[in-house]
Amino acid sequence: MATVTLTNNITGKSYELELLAPSKGSALIDVRTLYAKTGLFTYDPGFTSTASCSSNITYIDGEAGELRYRGYSIEYLAKNHSYIEVCHLLLTGALPSPSQFKEFDAELRKRAFIPQSMVKLFHAFPDGSHPMSNMASAVAALASFHYEHLEMQESQDFQIMARRLIAKMPTLAAFSYRHSLNIPLIYPDLDRSFTENFLYMMRAYPTGPREEIRPIEIAALDTIFTLHADHEQNASTSTVRAVGSTGAHPYVAISAGISALWGPAHGGANEAVIAQLIDIGSIDNVDAYIARAKDPKDDFKLMGFGHRVYKNFDPRAKLLKNLLDELKEELGVDNNLLKIAQKIESVALSDPYFIERKLYPNIDFYSGLILIALKIPRPMFTVIFTIGRTVGWITQWIEQKMDTEQKIARPRQRYTGPIID
Ligand code: SDX
């Protein structure tokens, strides 16, 4: 058994701690018995050096800029497989055969409808309410309609629970968007694929001609969903696992994940990037904003830059940048915003401040430019992230449920307050 020795130089005592080997990546010091053995805690605000679980779903190598779902590289999956095939891979551990795909796809189409009485929930939201708060509420409300998922035994039960949720996310999202415009809701069309159906429910008119949905738009959005599908133990996934560890309903755990994702330090960054590019307004102003980002007295951050794990280019940002280059003419990407983004990237990547801190563009830096071209309104950007990430959240939730090592998530603290006897 590989071990590390910890020596307490105050007491002179030494302790052996086991080193755990992953299938790839950094070895881990098993500190589960540390407090019992030594009376000492580890201290790691934000969990920069702490692993919360074992998982065989997603692998990230931050130094190399590598991302894999169930062992397949993100580059291979984005190029060769649809988002629905990636959902099957994440949920079951295998890419679907043609017959499995047919069955899986048909099941998701059928489950895209939401309970009719949930429509009233959307009418309760005030005009102009942010779709992310609507989504967090709607997904939590779904738990009331499918209370049976609180007690699941068979793996089939877990699959039905997961497929039901994945299928309903585009419908809930489109309903939330259309409610915010006070226009009639459009129900899913069984003859349309997952991604096309979302664009249809966002754009269609209850009667009469519908805006054309071009194959290139469907392909671009499908790739965006795939790139967002999972990302190991990020803040929202860790939230889903923490809520899951208490035995709460899976859908309220996902609702908590949606709430965590909304923050601008996390998934809310895609919306914030576009706001920032609009604020900057011209490539002539980029240097002033870069200076602000570097100023320790200014809490201004360059949105879409930096990452807790990637200390190299986020591979998803690279794929989105290539997608932008390929599609900018056909999709009609906003050239001025694209030029500002490209200028930010080139200035930042040659600046010592960013180089020393290994700050690179992350997934949110380019995604918004494609979403604008797809006529997705900015408040819906993080909802797009939510639709893509739901499969990752629910797969991680299921893995945690099956993991015999898992306990209720309950970290300790370093107390710095008074003791008053
Ligand atoms: C996502 O975790 C995931 O996997 C998330 C995600 C997923 O798929 O689930 O990849 C999705 O959330 C992507 C990240 C989106 N957020 C943003 O783009 C917001 C801007 N980025 C930062 O807020 C920040 O980079 C974080 C939150 C992403 C990461 O923060 P860390 O790891 O806690 O790093 P840090 O804040 O300690 O920064 C280290 C240094 C600091 O400077 P010093 O104190 O050392 O002088 O880098 C600086 C920071 O000030 N820094 C930045 C910066 N990001 C970090 N300086 C300017 N602009 C930035 N964007």
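Rules used in this analysis
Residues numbered from 1 in each chain as written. Predicted model: local features only at pLDDT ≥ 70, side-chain atom pairs only at ≥ 80, totals over all residues. Heavy atoms only, no water. Phe/Tyr/Trp six-rings, centres within 6.5 Å; stacked < 30°, edge-to-face > 60°. Helix = DSSP H or I, 4+ residues; strand = E, 2+ residues; numbered from the N terminus. Buried < 20%, exposed > 50% of the residue type's maximum accessible area, 1.4 Å probe, protein only. Lys NZ or Arg CZ within 6 Å of the ring centre and 35° of its normal. Lys, Arg positive; Asp, Glu negative; His and termini not counted. Salt bridge = Lys/Arg side-chain N within 4 Å of Asp/Glu carboxyl O. Contact = heavy atoms within 4.5 Å. Near = heavy atom within 4 Å. Polar contact = N/O pair within 3.5 Å; in protein donor to acceptor, adjacent residues only side chain to side chain. Areas by Shrake-Rupley, 256 points an atom, 1.4 Å probe, with all protein chains shown as cover. Pairing = 2+ DSSP bridges. Core = buried A, V, L, I, M, F, W, Y, C linked by side-chain atoms within 4.5 Å. Axes fitted to C-alpha atoms, helices over the stretch in contact; angles between N-to-C directions. Parallel < 35°, antiparallel > 145°, perpendicular 65-115°, else oblique. Nonpolar A, V, L, I, M, F, W, Y, C, P; charged D, E, K, R; others polar. Expected span 1.5 Å × (residues − 1).

Asker: I would appreciate a short explanation of the packing of aromatic side chains in the present structure.
Answerer: Two aromatic rings are characterised by how far apart their centres lie and by the angle between their planes. Taken as a whole and assessed by the stated rule, the structure comprises 16 aromatic pairs. On the basis of an interplanar angle of 80° and a centroid distance of 6.0 Å, the ring pair of F194 and F225 is categorised as edge-to-face. Residue F194 is located in helix α8 (residues 194-203), and its partner F225 is located in helix α9 (residues 215-227); the two are separated by 31 residues in the primary sequence. Under the relative-accessibility criterion, F194 is labelled buried at 9%. Residue classification places F225 among the buried positions, given a relative accessible area of 0%. Relative to Y366, the ring of F365 lies with its centre 4.9 Å away and its plane at 80°, an arrangement referred to as edge-to-face. Residues F365 and Y366 agree in their burial class; the two are buried. Of the aromatic side chains, those joined through ring pairs into one cluster are F305, Y353, F354, F365 and Y366. Note that R414 overlies the ring of Y43, its terminal NZ or CZ placed 5.6 Å from the centroid.

Asker: Sorry if this is basic, but what is going on with the side chain of E271 here?
Answerer: Mapping E271 onto the fold places it in helix α12 (residues 269-280). Buried charge E271 goes without a salt bridge, the closest partner of opposite sign being R378 at 5.8 Å. When near neighbours in sequence (up to four residues on either side) are disregarded, E271 contacts H130, R378, P379, F381 and T382.

Asker: Any chance you could explain the site of the ligand here in plain terms?
Answerer: Not every one of the 23 residues close to the ligand is listed here, only the nearest: H231, L302, H307, R316 and R389. In the model, a nitrogen atom of the ligand is placed 2.9 Å from a nitrogen or oxygen of the A265 main chain. Taking H266, its side chain carries an N or O atom lying 2.8 Å from an oxygen atom of the ligand. For the ligand, the accessible surface in isolation is 1,100 Å², of which the surrounding protein chains cover 73%.

Asker: I keep staring at the sheet that holds strand β3 (residues 28-29) and nothing clicks. Help me out?
Answerer: Two pairing modes exist for strands in a sheet, parallel and antiparallel, and in both the strands are linked by backbone hydrogen bonds. Within the open sheet, the three strands sit side by side as β1-β2-β3. Their pairing is antiparallel. One side of each edge strand has no neighbouring strand; the edge strands of this open sheet are β1 (3-7) and β3. Across five bridges, the pairing between β1 and strand β2 (residues 14-20) is antiparallel. Considered in β2, the bridge of T3 is made with E18.

Asker: Explain the nonpolar core to me, please; I cannot follow it from the model alone.
Answerer: As a rule of thumb, soluble globular proteins bury nonpolar side chains together. Grouped together as the largest cluster of nonpolar side chains are 117 residues, with contacts concentrated most on L172, F198, I344 and L369. Here this core gets 12 residues from one element, more than from any other, and that element is helix α7 (residues 155-180). With near-sequence residues (within four places) excluded, L172 lies in contact with I114, M118, F122, M135, A138, V139 and L142.

Asker: Looking at this structure, how should I read the pairing of strand β5 (residues 66-69)?
Answerer: For a regular strand, side chains alternate in direction, first toward one face of the sheet and then toward the other. Pairing of strand β4 (residues 58-61) with β5, which is carried by four bridges, proceeds in the antiparallel orientation. Note that in β5 the partner of D61 across the bridge is E66. The hairpin formed by β4 and β5 contains four residues between the paired strands, and G65 there has a positive phi angle of roughly 70°. As defined by bridge partners, β5 adjoins strand β6 (residues 72-73) across two bridges and the pair is classed as antiparallel. Residue pairing in the sheet places Y69 in a bridge with Y72 of β6. What sits between β5 and β6 in their antiparallel hairpin is a turn of two residues, with R70 showing a positive phi close to 50°.

Asker: How should the sheet that holds β6 be read in this particular structure?
Answerer: Spatially, the three strands line up as an open sheet ordered β4-β5-β6, and their pairing is antiparallel. Two strands in the sheet have a free side with no partner beyond their single neighbour: β4 and β6.

Asker: Looking at this structure, I do not really get the packing of helix α15 (residues 335-348) against helix α17 (residues 363-373). What am I missing?
Answerer: The relative placement of two packed helices comes down to the angle between their axes together with the axis-to-axis distance. For the pair α15 and α17, interaxial distance at closest approach is 11 Å and the crossing angle is 170°. The orientation of α15 relative to α17 falls into the category roughly antiparallel. Between α15, through L337, L338, A341, I344 and E345, and α17, the contact on the second element is made entirely by F365, Y366, L369 and I372. Within the contact of α15 with α17, the residues separate by chemical class into eight nonpolar, no polar and one charged.

Asker: What is the right way to read α15 from this model?
Answerer: Working note: α-helix, 3.6 residues per turn, so residues spaced by three or four point in the same direction. Its 14 residues place the ends of α15 20 Å apart at the C-alpha level, agreeing with the 20 Å of an ideal helix rising 1.5 Å per residue. All buried positions along α15 are accounted for by L337, L338, I340, A341, I344, E345, V347 and A348. Elements in contact with the buried residues of α15: α12, α13 (286-294), α14 (315-331), α16 (352-356) and α17. For α15, the side-chain oxygen to backbone nitrogen distance between the N-cap and N336 is 2.9 Å, and the N-cap itself is D334.

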